[in-house]
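For reference, the chains in residue letters:
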Amino acid sequence: MEVTLLGRPDWDRGPPSPRGAFPSRGLRHGDGRRDPVQDGVASPATSGTGKSKLETLPKEDLIKFAKKQMMLIQKAKARCAELEKEIEEFKTKPVAGGTGDIIKALTERLDALLLEKAESEQQCLYLKKENIKMKQEVEDSITKMEDVHKEFEQSQGNYVQEIENLKNELMAVHSKHSEDKASLQKELEEATKKQLELSEQLKFQGNCEDNVKKLQEIQNIKPVFEEQILYLQKQLSTATNEKEQEITHLQEVIEANSQRYQKDINSLQEEILQLKVAHQEEVKDLMCQIEASAKEREAEVSNLNQLKENLVRQCEASVKNIQEKYECELENLENVPDANHENQMCPMLLQEEAFVEQVVNEKIKHLENTLKELESQHSILKDEVTYMNNLKLKLELDAQHIKDEFFHEREDLEFKINELLLAKEEQSCVIEKLKSELEDSNKQFCCIVEQHNKEVQRLKEQHQKEISELTETFLSGSEKEKLTLMFEIQGLKEQCENLQQEKQEAILNYESLREIMEILQTELGESAGKISQEFESMKQQQASDVNELQQKLRTAFNEKDALLETVNRLQRENEKLSQQELVPELENTIKSLQEKNEVCLVSLSQRDTMLQELEAKISSLTEEKNDFISKIKTSHEEMNNLHKKCEREERLIVELRGKVEQTSHCNSELEQKVNELRGELEETLKEKDQNNQKLEKLMVQLKTVSEDQEALSSEVKSLYEENNRLSSEKNQLNRDLEVLLSQKEDVMLKEHISELEKKLQVTITERDNLSTLFENEQVQKLFVKTQLYGFLKQMESKVSEEDEEQDVVNILQAVGESLAKINEEKHNLIFQYDERVAELEKKIKCLQEENAVQHEKLQSLLRDHEQEKVLLRKELEETLSHKEALQSDLLEMKNANEKTRLENQNLLSQVEETSQNLHSKNKTQNEKEQSFVRELENLRLSQEQKEAELQDVRAELLLLKDSLEKSPVENDQPSLVKELEEKIGYLEKESKEKEEKINKIKLVAVKAKKELDSSKREAQTLREELESVRSEKDQLSTSMRDLIQGAESYKNLLLEYDKQSEQLDVEKERANNFEHHIEELTRQLRNSTFQCEKLNSDNEDLLARIETLQSNAKLLEVQILEVQKAKAVADKELEAEKLQKEQKIKEHASSVNELEELQLQLQKEKKQLQKTMQELELVRKDAQQTTLMNMEIADYERLMKELNQKLANKNSKIEDLEQEIKIQKQKQETLQEEMASLQSSVQQSEEKNTKIKQLLVKTKKELADSKQAETDHLILQASLKGELEASQQQVEVYKIQLADITSEKHKVHEQLKTSADQHQRTLSAYQQKVTALQEECHAAKAEQATIASEFENYKVRVHNVLKQQKNKSVSQTETEGAKQEREHLEMLIDQLKIKLQDTQNNLQINVSELQMLQSEHDTLLERHNKMLQETVSKEAELREKLCSIQSENMMLKSEHAQTVSQLTSQNEVLRSSFRDQVRHLQEEHRKTMETLQQQLSKVEAQLFQLKSEPTTRSPASSHQPLKNLRERRSTDLPLPDMYTITREEGEGMETTDTESVSSSGTHTQSLEQLLNSPETKLDPPLWHAEFTKEELVQKLSSTTKSADHLNVLLRETEATNAILMEQIKLLKSEIRRLERNQEREKSVANLEYLKNVLLQFIFLKPGSEKERLLPVIDTMLQLSPEEKGKLAVIAQGEEENASRSSGWASYLHSWSGLR
């Protein structure tokens, strides 16, 4: 783009398309871009997608196209050569010093031109390639054409064969026809004998008159039928009115339902609110109870403390009293000298002291009991508090759950409504389908009518041929003429009869079609309702009545025509018989016959026209019906739409009001919550005080714990000693067990082992219990210590580790100090809490203010909406009563909406009625006009016919006159003349009557036109009204949208409010969490001591259990494998049995269904029989009236016979089916018995399986969890990838938009610069002009001053001269010469002055021009410098970008190479590892085979030894067992082909065993373990000669185990192989994707080209042009095959056929060189 801006030399070119592929599309905006039409290169998509438009072109056009392309290329080359010459000239010229920048610009321009040249050459090459491809495609098309030609020849041959077949058939038909002809000639000969019957034919004239009378009667009947039609129309109108009433009733019902549902919703909302209020009240009551209980507890604690103090005081007082008493008694005793008295007093004192001590101890015990009771009460209260909190949470959850349920119910209701609407739409689709079927049936009827017309034409042609043959026969003589006449009469009669029969058949077909239509309409009616049924039945009755009338009219007219023709022919025959000798008369008769033939043809054509008219009427009726149905549907849809809109309005209003109430409610709730928070804060402070008291109590408990610890330590030592002793015993027992297992001599050892194991377990359990007790105590001790140290560390008190181990007293002292610190911190925390509460209150106030502001805004919005609604009501409801506010009365709004709906409906109904009336009027008028036109044409035709007849009569008269003059006979002439005169008079009268009729018809036509004009005016007025109604409707819809927008904004505000309330709740939860945390700390102090001890004991237990579990696991694995095999077998059997059962059940069900269907068919056929019987009876009654019904009865009889046959067949079928059912029932009973036996076996197997399933369930659960996690991760990855791709696409779109905007910005800047420069130039020019004018003005003023001064001087001189003249009159002669010279000089001076002024003006102009040129030169220089700077900077930027892109490209290449190398190395590593594994497996397999063979040889040797031992006893019997052994070995123990077995097992990798092994991750046993593991069923073998079979069985089991082991290993290897193959596939796909990305980066360098291609692809219509762009997009974006396929589907559209026929214009994009 930058290069083009430097200024191209008159050559408007766009950016060169990369690869010469596709021309850039887009309008020129002055930036050098090309018009989309000016690129002369066809898109390269022809190479990619099959046939293009060039294939369809002829060779000449292709050659022209190629020549034009070559011309364009030559022009481009010539231009390049010219430019190169110019460049060389510039180089050769010497350049000034300051033109370095220009040279740079020229060099850049040269580079750009060279690039363009290279690209044009690429285009040439590409065009050449395309030309070659085109030639190839042309050759392909020629070959295809040849193939098509061959196919055409084949089809032609087939057609020729068909034509020959048809000719043969025709010949056969002709032979039949000739036979018929011969028979007819015989009949003609008989007819000659019956010439006497002509007299009887005269009677037919009388019959004709009767027929005329009948016709008149029919005309009289016609008005009666018209009255009936009018009556039917009235009934139709009443039916429509009833339909409208029903519709209105339905609407009212719907509205009532909606109101009821709204009331239900409101009641539910009120119930929820009531529940909330009740819940809140309960919570408050509970809180009050908790507070009261806390206060009571505090009072009890204080009472206890007082009691303790009182007791202590009492104890002290009692002790003092006793001491005083004791001292007094001692003094008394001292005074008394007797020793006996002293001895007596000592025991008394001792008794008193013991008594006092007992009293004190009892009191202390009592106090301790009361303390314990109080503590238990306290713990109960705490539990109650926690229970209440849990209850509160549960209640809140219940409330939320109720809300959710309500929401879900609402959603379900909405979903049901949507489903109903969808069902309604589906019903409409069904109706449309039925309509389409109706149309198809109509089309079929039309096709049948056309076939009938063709048959009629064929008959006409046959008739003409026969007439020509008759004319030939007429020439032979008068007798032949008579014969031919009779033949013609009979033939025509037969043809008429045939035509009538065909007509009747067509009518029957039509009636059958109509019956089918009626059936379809009845089906439609069932879906649509009674209204449509009545409407359609009325229509059908009308149509049937009209058709019957028309058929009767047709038959009457046909009979009349036939009779008239026969009468005329008979008359002419009479005349001919009278004048047999006259040849000219015969010729005239021939002419008349030909004319009559033509008349017959005309009558036939009239019949055809009548048929066509009837068809047109039928089609118009069907169209009217369809129109009515469509209008009804549209009215229904409009009604539904209006209902929905009204319901939406009502819902919105209700929602808005509910939201307002919710906001007010939320505000009140917030205030309550603030108050609750304050109360809770106070409670927390009280609880902190209580916690401090609890801490003091804990300190006392710690002292007691430290004393208990010492006792526990001594117990622990003893337990350790016992543990060591038990472990030594365990080791000894293990050794004994191993010895016992190695020996394996007696079964008694097993029992001994089991007893020992039981004892061991008992000892282990005892040891475990002891260790757990010890550990629990240790853990308690450690936990208490750690908590105390942690507590001290938190309080930042330093205690050494040595002191920690020694004294607990020091710790307690430190704890006391830390408590003091805690109290201080507590005070600080209270202060902080107060500050936070104040902050929260401020925030709440702010939120309340914001809510109030939002509330006001919402209210203002609501007011605006209400005002708009009020205005709309005033506009819509001018005739209704004035209703003011929307908020005040919702019911009034509903009534108004209902009224508007009714009005709209009435208007729509009126409009529809008027339009229908108009349509009907127009149709009737058109029909009247058409009928008038037809009558006029018929009258004209009849006039022409009668004129022709008059001419014929005149000719006959002339002939008669001539004959009169010639012939002597005179009696016959006057009679003939009279007859002719009468005919003439009659014809003249008829012509007059017809002229009068024509005049009347013209008058009627004029009236009809006037009525049409008036109806058109009415239609216009109605349309205007319709438009006004629609405009009002649009206004309503706009106002509704505004309301909806307001509601949405209100919803958003509510969401914000909810968020803020949630934040408040979170803060409350934090406060609650703090409280719970304090309570949990106290609980943790108690529980943690137990946990520590348990952990230590568990660690020791685990080590012991792991060893036992490992041994158990190995045994379990063996059992699981065996059970799985058994399970697999049982499952397979079960599945087979289930399949058999299902098949049999299905067969039974199908047989039952068939029976039911047959019964239904029987019933239907019986009903049909009854109907047909009834119809037959009716037909028999009608048979007396008409002969046509006889034919129908015959058809019905045939139908009856067919139906009877069908019935008989079906009865036989039913009997067969019943027999089959009996057989199947027997089968079913046997199956049920089998099922019972199978179920018992299944139950047994299931009981076994349940035990194994319990073990497998755990592993499966874990697997399922891991799989779910994986799937979740994959889903997340997929979603993130999708989002990433979408974002990347958006980024690319934004980049494209940015590029467009920047280009537009550059253009605008350039335009601004040019306009600014122009303005500056004009300004400078104007300024120069102004200065020049000012200078001229100053000069003129100066000249004026000089002239004035000169004038004054001149006056003075003149006075002087006059004085001198008076004085010197003598010297006049002398001065005259001087004067002349003076005047001449003055003239010269004036001329010089004028020249001077001119030169000055020229000078000024030149100066101004110079200044202009200098300014322009300066501006141009500035622009040139700017442009150079810009180009330099842009070039630098582009180079930097190029460097960066190249570096990025290199980086990407290196990364790609690294990834490829890494992937290849990984692949090689995997391959090598896999090969190593396979080799390792093969080696292991070989080793195991060798070991097995060795073991087998050893076993055989042992066997041989055992056999050789008894040979000493019985040498004869020793040979037999050896032979038996060998035979058994040969039969029972064939060496298994290991390779085949393993391959068979591991080929599919779809068995359940492999899945279980791989999924559960169970450890496969080694070979040695499998061989050494004891068989569960077999007893330990005793080495005797009798038990050889058991030994063999053991060997077999060991070999089978080894085979199983190898199978397992092979399955695992195959599983790993499959995993590796999947990894390889993934890696390959990744490599391909990376390669595609790399290629995409290369092609995406030219973004502008990509943009043009994509825009063209988007805006083009689907077809071949869009398909041509696919390979370009594919090469640019490197699409995958799936993406290519999707794009191809999008590109292919419905316009492929249109694009083929479009030719050159669509292909050549109107290049600049071509047009």
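Residues numbered from 1 in each chain as written. Predicted model: local features only at pLDDT ≥ 70, side-chain atom pairs only at ≥ 80, totals over all residues. Heavy atoms only, no water.

Here the focus is the overall build of the protein. When helices and strands are counted, the protein shows 27 helices and zero strands. The buried share of the protein, taken over its 1715 residues, is 23%. Restricting to contacts in the protein with at least 6 residues of sequence separation, those with at least 24 account for 83%. Counting every atom, the protein has about 123,000 Å² of accessible surface; 55% of that belongs to carbon and sulfur. (Helix = DSSP H or I, 4+ residues; strand = E, 2+ residues; numbered from the N terminus. Buried < 20%, exposed > 50% of the residue type's maximum accessible area, 1.4 Å probe, protein only. Contact = heavy atoms within 4.5 Å. Areas by Shrake-Rupley, 256 points an atom, 1.4 Å probe, with all protein chains shown as cover.)

A separate point is the pattern of salt bridges. What the rule picks out here adds up to 19 salt bridges. Between Lys1313 and Glu1430 there is a salt bridge, with its nearest N and O atoms 3.6 Å apart. A residue pair is termed long-range when its members are at least 10 positions apart, and Lys1313 in helix H16 (residues 1188-1367) and Glu1430 in helix H17 (residues 1372-1508) qualify at 117 residues. With its nearest N and O atoms 3.2 Å apart, the salt bridge here joins Arg1633 to Glu1630. (Salt bridge = Lys/Arg side-chain N within 4 Å of Asp/Glu carboxyl O.)

Turning our attention to the side chain of Glu680. In this structure, Glu680 sits in helix H10 (residues 583-743). Not counting residues within four places of it along the chain, the set of residues in contact with Glu680 comprises Asn1072 and Glu1075.

With that settled, consider the packing of aromatic side chains. Following the criterion strictly, the structure yields one aromatic pair and no others. Measuring from ring centre to ring centre gives 5.4 Å for Tyr720 and Phe774, while their planes differ by 75°; the resulting arrangement is edge-to-face. Of this pair, Tyr720 sits in helix H10 while Phe774 sits in helix H11 (residues 748-794), and the two are 54 residues apart along the sequence. Over the face of the ring belonging to Tyr261 we find Arg260, whose NZ or CZ atom lies 5.3 Å from the ring centre. A cation over a ring is seen here: Lys1666 above Phe1657, with NZ or CZ 5.1 Å from the ring centre. (Phe/Tyr/Trp six-rings, centres within 6.5 Å; stacked < 30°, edge-to-face > 60°. Lys NZ or Arg CZ within 6 Å of the ring centre and 35° of its normal.)

Turning our eyes to something else, we now look at the nonpolar core. Val1653, Phe1657, Leu1669, Ile1673 and Leu1687 are the most contacted members of the largest nonpolar core, which has 13 residues in total. For this core, the elements supplying multiple residues, two or more each, are helix H23 (1647-1659), helix H24 (1664-1677) and helix H25 (1681-1691). The element that contributes the greatest number of residues to this core is H24, accounting for five residues. Core analysis: the second largest hydrophobic core is formed by eight residues, Leu1158, Leu1176, Ile1214 and Leu1217 among them. (Core = buried A, V, L, I, M, F, W, Y, C linked by side-chain atoms within 4.5 Å.)

Two measures define how a pair of helices packs: the angle their axes make with one another and the distance between the axes. Look at H23 against H24: their axes get within 10 Å of each other, and the N-to-C directions meet at 145°. The element H23 and its partner H24 pack so that their crossing is left-handed. For the pair H23 and H24, the contacting residues are Tyr1649, Leu1650, Val1653, Gln1656, Phe1657 and Ile1658 in the first and Lys1666, Leu1669, Leu1670, Val1672, Ile1673, Met1676 and Leu1677 in the second. Among the residues forming the contact of H23 with H24, the class breakdown is 11 nonpolar, one polar and one charged. (Axes fitted to C-alpha atoms, helices over the stretch in contact; angles between N-to-C directions. Left-handed = near helix turned anticlockwise from the far one by under 90°. Nonpolar A, V, L, I, M, F, W, Y, C, P; charged D, E, K, R; others polar.)

The next thing to look at is unusual backbone geometry. For Gln1678, which is not a glycine, the phi torsion comes out positive at approximately 50°. Residue placement: Gln1678 occurs in the loop between H24 and H25.

Turning to a nonpolar patch on the surface, a few remarks are in order. Residues Ile218, Ile221, Val224, Leu553 and Phe557 make up a contiguous nonpolar surface patch of about 380 Å² in total accessible area. No other element matches the three residues that helix H6 (residues 198-335) contributes to the nonpolar patch. The topology assignment puts Ile221 in helix H6. The exposure class of Ile221 is partly exposed, given its relative accessible area of 40%. (Patch = residues over 30% accessible without salt bridge, like charges linked within 9 Å, V, L, I, M, F, W, Y side chains within 5 Å.)

Taking 1.5 Å as the rise per residue, H23 with 13 residues should run 18 Å; its terminal C-alpha atoms sit 18 Å apart, in good agreement. Taken together, the buried positions of H23 are occupied by Tyr1649, Leu1650, Lys1651, Asn1652, Val1653, Gln1656 and Phe1657. Buried residues along H23 sit in contact with H16, H24 and H25. (Expected span 1.5 Å × (residues − 1).)

This part is about a negative patch on the surface. Together, Glu179, Asp180, Glu187, Glu189, Glu190, Glu494 and Glu497 make up a negatively charged patch on the protein surface. Secondary-structure assignment places Glu187 in helix H5 (residues 100-193). (Lys, Arg positive; Asp, Glu negative; His and termini not counted. Charge placed at Lys NZ, Arg CZ, Asp CG, Glu CD.)

This part is about the packing of helix H4 (residues 59-92) against H5. At their nearest, the axes of H4 and H5 sit 11 Å apart, and the two run at 165° to each other. Judged by the angle between their axes, H4 and H5 are roughly antiparallel. As H4 packs across H5, the resulting crossing turns out to be left-handed. Packed against H4, whose contacting residues are Lys59, Leu62, Ala66, Gln69, Ile73, Cys80, Leu83, Glu84, Ile87 and Lys91, the element H5 presents Leu110, Leu113, Lys117, Cys124, Leu127, Asn131, Met134, Val138 and Ile142 at the interface. Residues belonging to the contact of H4 with H5 are distributed by class as follows: 13 nonpolar, two polar and four charged. (Parallel < 35°, antiparallel > 145°, perpendicular 65-115°, else oblique.)

On to the environment of Ile218. As for its position among the elements, Ile218 is in helix H6. Residue class for Ile218 comes out partly exposed when judged on its relative accessible area of 33%. Sequence separation between Ile218 and Leu549 is 331 residues, and the spatial gap between their C-alpha atoms is 9.5 Å. With near-sequence residues (within four places) excluded, Ile218 lies in contact with Leu553 and Ala556.

Looking now at the confidence of the model for the protein. Per-residue confidence for the protein averages 77 on the pLDDT scale, and 83% of its residues sit at or above 70. No element of the protein has a lower mean pLDDT than helix H20 (residues 1552-1560), at 37, and none a higher one than H17, at 88. Predicted confidence is poor over residues 1-51, with pLDDT under 50, and the contacts of this stretch with residues over four places away or in other chains come to 122 contacts. Ignoring residues within four places in sequence, the model shows residues 1574-1586, a span with pLDDT below 50, making nine contacts including any to other chains. (pLDDT = per-residue confidence, 0-100.)

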